[in-house]
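Each chain, written out:
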Amino acid sequence: MGLTRQYLRYGPAALFGLVASARGNAAFVGLRGERGRCVAVPACEHVFVWDTRKGEKVLILKGLKQEVSCLCPSPDGLHLAVGYEDGSIRVFSLLSGEANITFNGHKAAVTALQYDHLGGRLVSGSKDTDVIVWDVINESGLYRLKGHKDAVTQVLFLKEKNLLVTSGKDTLVKWWDLDTQHCFKTLVGHRTEVWGMALISEEKRLITGSADSELRVWDITYIQEVKDPDEPESKKTKGSSPGAEENAEEDETLELDECPEERLVKCSKVGSIMREGRDRVVTLATDRTGKILACHGTDAVLEVFSVLSEEEVQKKLEKKMKKAKKKAKQNSEEEPERNVELSLQEEIQRVTNIRASSKIKSFDLILSPKGELKIVLLLQNNIIESYNLNLSAQVPQAVRVSKITIGGHRSDVRTLAFSSDNIAILSAAAESVKIWNRSTLQCIRTMDCEYALCSLFVPGDRQVIIGTKTGKLQLYDLASGSLMETLNAHDGAVWSIALSPDQRGFVTGGADKCVKFWEFELVKDESSVQKRLSMKHVRILQLDEDVLCVRYSPNQKLLAVSLLDCTVKIFYIDTLKFFLSLYGHKLPVLCMDISYDGTLIATGSADRNVKIWGLDFGDCHRSLFAHDDSVMYLQFVAKSHLFFTAGKDSKIKQWDADKFEHIQTLEGHHQEVWCLALSPNGDYVVSASHDKSLRLWERTREPLVLEEEREMQREAEYEESVAKEEQPVVAGETQGETGLAGKKTIETIKAAERIMEAIELYREETAKLKEHKAICKAAGKEVPFPVNPILRAYGNITPSAYVLEVFKKVKSSELEESLLVLPFSYVPDLLRLFNEYIHLGSEVELLCRALLFLLKIHFGQITSNHMLVTVIENLKKTTISRVSEARDVLGFNMAGLQYLKREIEAKDEVTFFADATDRFEEKKRKRKKKEKMVLAVL
């Protein structure tokens, strides 16, 4: 197949203009051993780690395509778990910045993530209503917990017990026993969604926040295990000691007269704390020590509360008792002591309210040992603010320490422009104009402006002009970064601006139904000797409808004007006489462009179509269905008939106006794309979106073949459809509260195919080996045996060893799902091979896991197959012996490590005492010296 037409591929070069996305949550991370300085925030599909003190980006954890929806740092501070919109979870190392582990289990966005206190397990909640517990060390899923009827909002592990608490938008808070993997208790005291949840007072209290201004407080009582009185050990009963609740470790059973759901925990509402915010809780969280509780709603106020510890509660109670006794004495009452209790408001005290500069989307807290509270706020308008709060002060006041803003706009960028030398990029939003260096992506200038809608670089690239929503034209000088002039150009919004091809002036179109022609001129300023640039209004073209877009033809003979009545009118520039009307769009034309040779005009409309017209007669060459929503921007590549379109469907597409073909789609933005700009040489495209990000795309030298592009598109669609298919079920199992953690993906299917291929190769090679032996026997001598090239590549290994190699390469998190789609015809061979491997003692742990899973899913077929009886018997013997060996090794290693730990501790104590003795001797010597000096003076 010969290449008919060669295109060059545009690829993503950079993402900039974004400080943080408002979709996920902010989290403090310990980089370089310092806590409370670096903060991780979601940035579209990536995670940025910012140094709040310097305002610099110190690390980028690169994502794939999906937007980040949730973050959770590990307890040791070395890893960061990141949840994505498609339900996948990746665990990044903060030292190398690479993703070591990927978990695929959820079908929708991950909404909550939490590590247990050791960091060995990770629990995730999702919009698909499932909760999944993952084993981080083994890199695999443990189980899926089903029970919520709507999106899960928060998940919390309990330190002392093997319990899990989850809350959801279905108004329920569920308690799960992870030993038996079932929900043993459901709190139903909420009338609306439970948006947040936190454990305080050493996990004896639970606080929940919902759609009202009440924070509900629940008392948690861990129920003691009642042992058989005949047992020789010391008997423990309920209420045997006041500290019994704390020491409860593994309480599983209770008296028969108790409710079955109160077998482990009693949870009763004790009261409420009122927030000042009237709206729903967005985030409710404590710091790691559990001493500080904070929450915020949909506004800009963070409310901070202090939770008293047990000792502080005790002290307060004693003070109250003294006061009560004093009162009783004064009133000479002989009545016995009244029961004195602390109210909830006294136990959980309001510290202060922090007002941020904009709506808060999420926050994180960290309490330093000195008692200073560090707070980081992720705001809705692309800002990160950090505050310090001194809790020991009489009236604690929050002090803003830093604010990261320079890296982006506060609102959506509505217009972009490239300078003539392809180096500077202009972006303008509702509050400011920024100039960026394309190669370094640094913001060079920031200038305040009104709501910008269109822009251009004045020839020479020393000034820029902005057209605003109020109808003004603002002229800025880039060297000084100052506003030089403001003109009232239109009575309505200035929707479009276009530079004339002779570069002496420009034209503007506005909502006042006018097209105005302007010329650049040099005027004398009263304040200075030098002349400065200005704009002079020269002509006006009055029309019947609002003007949405204006474009010059390259020879400066024609002017195209798109109107609100869905037509595009073309006028002669010299006489302003009407030439053509292009009609056919069903909704207004929002964008258009004329090709470099003036032969074609392409129009993009809110009806989602792009039409290509000839400029000679106004004939429509082709209508293309371009995007799934309005086409927002359209521009031709310099010196070609290729053009780019940007749509509200978050895609940017490249088209060929001669062949009417779609060339490629640039996917990256997660929300509506408002505008784009092509560099004058056509090598770069920059685009701006509602997700607050600016993206730079670069023309590569890689040729793009349309057939291959279509093939890749079909493959991607198939891979997406695989994940949405019905998940395979295990025969004989009913749908209960728990399920397999993984899900069927293209990776699990490929892994299963690799196992099947390896088993087929093993079958072929063993058959060949038998034949070879027979031939050798018949010939009476050794005949050379042809080795399979695959086995030779692996270093002349045996076919059975090759199957094991393939097995080892299957990702731990995908093993169960891969075996689940493996046809039963391959299982007998696998079981025989497993017997062989386990007998040799290789990969016992992995093989036992696979073996038990295969027995579970194919139990009926395996047990009814007489051929497999001996295999299963042999497996039983070898497996039990090998597993007990592995257990002994583990036991020995554990004992060895504990011995080393004791040795180190003992050494440390000796050195500690030695140091203390030395210090004491030193003090003695100094005192004696002092005394001698005093005596000498006397």
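Described below are features of the structure shown in this document. Owing to the predicted nature of the structure, the values given are computational and were not obtained by experimental measurement.

1. A short note on the sheet that holds strand β8 (residues 88-93)
Sheet strands associate in pairs through backbone hydrogen bonding, adopting either a parallel or an antiparallel arrangement.
Then, in step 1: On the basis of which strands lie adjacent, the open sheet formed by four strands has the order β6-β7-β8-β9 and antiparallel pairing. Where the open sheet ends on each side, the last strands, each with one partner, are β6 (68-73) and β9 (99-104). Each neighbouring strand pair of the sheet contributes to a mean axis angle of 20 degrees, computed without reference to strand direction.
Then, in step 2: Pairing of β8 with β9 involves five bridges; the strand directions are antiparallel. Note that in β9 the partner of I89 across the bridge is F103.

2. Looking at the pairing of strand β4 (residues 46-51)
Then, in step 1: Most of β4 is tucked away: six of the six residues are buried.
Then, in step 2: Here β4 shows no split at all, with H46, F48 and W50 on one side and V47, V49 and D51 on the other all buried.
Then, in step 3: In this structure, strand β3 (residues 34-43) lies alongside β4, joined through six bridges in antiparallel fashion. The residue bridging V39 from the neighbouring strand is W50, located in β4.
Then, in step 4: Note: β4 against strand β5 (residues 56-61), five bridges, orientation antiparallel. Looking at β5, one finds that D51 is bridged to E56.
Then, in step 5: Taken together, β4 and the strand that follows it, β5, pair antiparallel across an intervening segment of four residues, in which G55 is found at a positive phi of about 70 degrees.

3. Thoughts on the side chain of H409
Then, in step 1: One can find H409 in the loop between β29 (398-404) and β30 (415-418).
Then, in step 2: Among the residues examined, H409 registers a relative accessible area of 3% and is labelled buried.
Then, in step 3: A distance of 3.5 Å separates a polar atom in the side chain of H409 from a polar atom in the side chain of E431.
Then, in step 4: In terms of polar contacts, H409 uses its side chain to reach the side chain of S432, at 3.2 Å.

4. Structural notes on the pattern of salt bridges
Then, in step 1: Enumeration over the complete set of coordinates arrives at 35 salt bridges.
Then, in step 2: Taking the shortest distance from any N to any O, the salt bridge between K65 and E667 comes out at 3.9 Å. Of this pair, K65 sits in the loop between β5 and β6 while E667 sits in strand β53 (residues 661-667); the two residues are 602 residues apart in sequence, bridging distant segments of the chain.
Then, in step 3: Judged by relative accessible area, which is 59%, K65 ranks as exposed.
Then, in step 4: Classification of E667 by relative accessible area gives partly exposed; the value is 43%.
Then, in step 5: The salt bridge partner of D412 is K692, with a shortest N-O separation of 3.6 Å. One end of the pair, D412, is in the loop between β29 and β30; the other, K692, is in the loop between β55 (684-689) and β56 (694-704), with 280 residues separating them in the sequence.
Then, in step 6: Note on D412: relative accessible area 12%, which makes it buried.
Then, in step 7: Bridged by salt links that share partners, the residues D212, E214, R216 and K269 form one connected network.

5. Description of the nonpolar core
Then, in step 1: Among the nonpolar cores identified, the biggest contains 37 residues, and F807, L819, L831 and F834 are the most heavily contacted of them.
Then, in step 2: Sorting the residues of this core by element identifies α5 (746-779), α7 (799-809), α8 (815-820), α9 (827-840), α10 (844-857) and α12 (869-937) as the ones contributing at least two each.
Then, in step 3: When neighbours within four sequence positions are excluded, L819 is seen to be in contact with F807, A850, F853, L854 and I857.

Conventions used here
- Residues numbered from 1 in each chain as written.
- Predicted model: local features only at pLDDT ≥ 70, side-chain atom pairs only at ≥ 80, totals over all residues.
- Heavy atoms only, no water.
- Pairing = 2+ DSSP bridges.
- Helix = DSSP H or I, 4+ residues; strand = E, 2+ residues; numbered from the N terminus.
- Axes fitted to C-alpha atoms, helices over the stretch in contact; angles between N-to-C directions.
- Buried < 20%, exposed > 50% of the residue type's maximum accessible area, 1.4 Å probe, protein only.
- Polar contact = N/O pair within 3.5 Å; in protein donor to acceptor, adjacent residues only side chain to side chain.
- Salt bridge = Lys/Arg side-chain N within 4 Å of Asp/Glu carboxyl O.
- Core = buried A, V, L, I, M, F, W, Y, C linked by side-chain atoms within 4.5 Å.
- Contact = heavy atoms within 4.5 Å.

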